[in-house]
Amino acid sequence: MTTTAYKRFRMQIDLKRRSLKPVRLPEGYRWLPWRSLLLERHAQVKWRSFREDLDGKVFSCLGESAGCTALMKEIVGQAAFCPAATWMVIYQPEPDWPAVDCGTIQGVTRSGGMGSIQNVGVIPEHRGLGLGRALVQQALLGFIQAGMGITVLEVTADNIAAVQLYQSLGFRTIQVLYRDSSTGETMTEVEAESRISKWPRRLSGR
Ligand SMILES: CC(C)(COP(=O)(O)OP(=O)(O)OC[C@H]1O[C@@H](n2cnc3c(N)ncnc32)[C@H](O)[C@@H]1OP(=O)(O)O)[C@@H](O)C(=O)NCCC(=O)NCCS
């Protein structure tokens, strides 16, 4: 079986000196806090955000509607699921307009006061307006409220938009990982390099 490997950055931010300011959205957008009846809506926004992008191709579950539903169920089914760090953004400029689901983020907590961002996604039609930044900030606020001191996440090295978003918010790379695309398991850089000829160039990281 042919497998591929992907370079990922593990990034971290210290929450201890961050202030608790409310996160504002552009006009016409508003927050939806987590409720279990929103599970499928989160899954569908996740799918629409990822399906045409790098991570939707790297991770098959993110590139498929059913995969995103399964992933959402797996995240919210964890004892460590953190509703305070789980949000949707909707667009509804007028009260009688149908709301459009635009963005999603989910969080879980880990031992040692660590929050972990699972997936942030904004659908293509609503990108470049600050929603991705607002979603991450809102999740960080939720982690602070849940008593977390740091927050971590993982991002594909070639996902320039996401890496720049996290760096601009103060996340720093603390580890470089190589993952098997089929199993998600980590491997050493040497093992990953042995598969380099099988790496699709634009997915291989720098
Ligand atoms: C990454 C993503 C969430 C960004 O959402 P967005 O709403 O467009 O981002 P914002 O408008 O809040 O941009 C915030 C910052 O991100 C960075 N950024 C966003 N899009 C970028 C792009 N195309 N190229 C480079 N940097 C980009 C910039 O630093 C930007 O700050 P600036 O506007 O001051 O330059 C969105 O592109 C997305 O959903 N991608 C597909 C899913 C995905 O890969 N998620 C990340 C998984 S780890």
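Higher on the page you've got the structure.
The structure displayed is predicted, hence computed values, not measured ones.

Draft legend 1. Broad picture of the overall build of the protein chain. Within the protein chain, the regular secondary structure consists of seven helices and eight strands. Taking 2.2 N^0.38 as the reference for a compact globule, 206 residues should give roughly 17 Å; the C-alpha atoms of the protein chain span a radius of gyration of 17 Å, in line with that estimate. With the principal axes as the frame, the protein chain shows a C-alpha extent of 55 × 35 × 30 Å. When the 206 residues of the protein chain are sorted by exposure, 35% land in the buried category.

Draft legend 2. Quick look at the sheet that holds strand E6 (residues 150–156). Strands sit in the order E2-E3-E4-E5-E6-E1-E7-E8 across an open sheet of eight strands; the sheet is mixed. A single partner strand is all that each edge strand has here, and the edge strands are strand E2 (29–33) and strand E8 (186–187). Bridge analysis of strand E7 (residues 172–180) against E8 gives two bridges, and the strand direction is antiparallel. Bridging across to E8, Tyr178 finds its partner in Met187. This element, helix H1 (residues 39–50), spans strand E3 (87–91), strand E4 (100–110) and strand E5 (114–122) of the sheet and lies at about 105 degrees to E4.

Draft legend 3. Region of interest: the nonpolar core. Counting 33 residues, the largest nonpolar core has Cys102, Leu135 and Ala139 as its most contacted members. Going through the elements one at a time, strand E1 (5–14), E3, E4, E5, helix H5 (131–145), E6 and helix H6 (160–169) are the ones with two or more residues in this core. In terms of residue count, the dominant contributor to this core is H5 (eight residues). If near-sequence neighbours (up to four positions away) are discounted, Cys102 is found in contact with Tyr29, Val45, Val89, Ile90, Tyr91, Val122, Ile123, His126 and Leu131. Trp47, Leu71, Met72 and Ile75 belong to the second-largest nonpolar core, a separate cluster that totals eight residues.

Draft legend 4. Main features of the site of the ligand. Every one of the 23 residues lining the ligand counts as a neighbour, but Arg127, Gly132, Arg133, Ala161 and Leu165 are closest to it. Among the elements of the structure, H1, E5, H5 and H6 are those that each provide at least two residues to the shell around the ligand. The element best represented in the shell around the ligand is H6, accounting for six residues. Its residues placed into classes, the shell around the ligand shows 10 nonpolar, nine polar and four charged.

Draft legend 5. Expanded view of the pairing of E3. In terms of residue burial, E3 counts as a mostly covered element, since four of its five residues are buried. Across five bridges, the pairing between E2 and E3 is antiparallel. Among the inter-strand pairings, Tyr29 is bridged to a residue of E3, identified as Tyr91. Relative to E4, E3 is paired through five bridges, and the arrangement is antiparallel. Bridging across to E4, Val89 finds its partner in Gly103.

How each quantity is defined
Residues numbered from 1 in each chain as written. Predicted model: local features only at pLDDT ≥ 70, side-chain atom pairs only at ≥ 80, totals over all residues. Helix = DSSP H or I, 4+ residues; strand = E, 2+ residues; numbered from the N terminus. Rg over C-alpha atoms; globule rule 2.2 N^0.38 Å. Buried ≥ 20, exposed ≤ 12 C-beta atoms within 10 Å, placed from the backbone. Pairing = 2+ DSSP bridges. Contact = placed C-beta atoms within 7 Å. Axes fitted to C-alpha atoms, helices over the stretch in contact; angles between N-to-C directions. Core = buried A, V, L, I, M, F, W, Y, C linked by C-beta atoms within 7 Å. Near = placed C-beta within 6 Å. Nonpolar A, V, L, I, M, F, W, Y, C, P; charged D, E, K, R; others polar.

No statement about biological role is implied by the geometric values presented.
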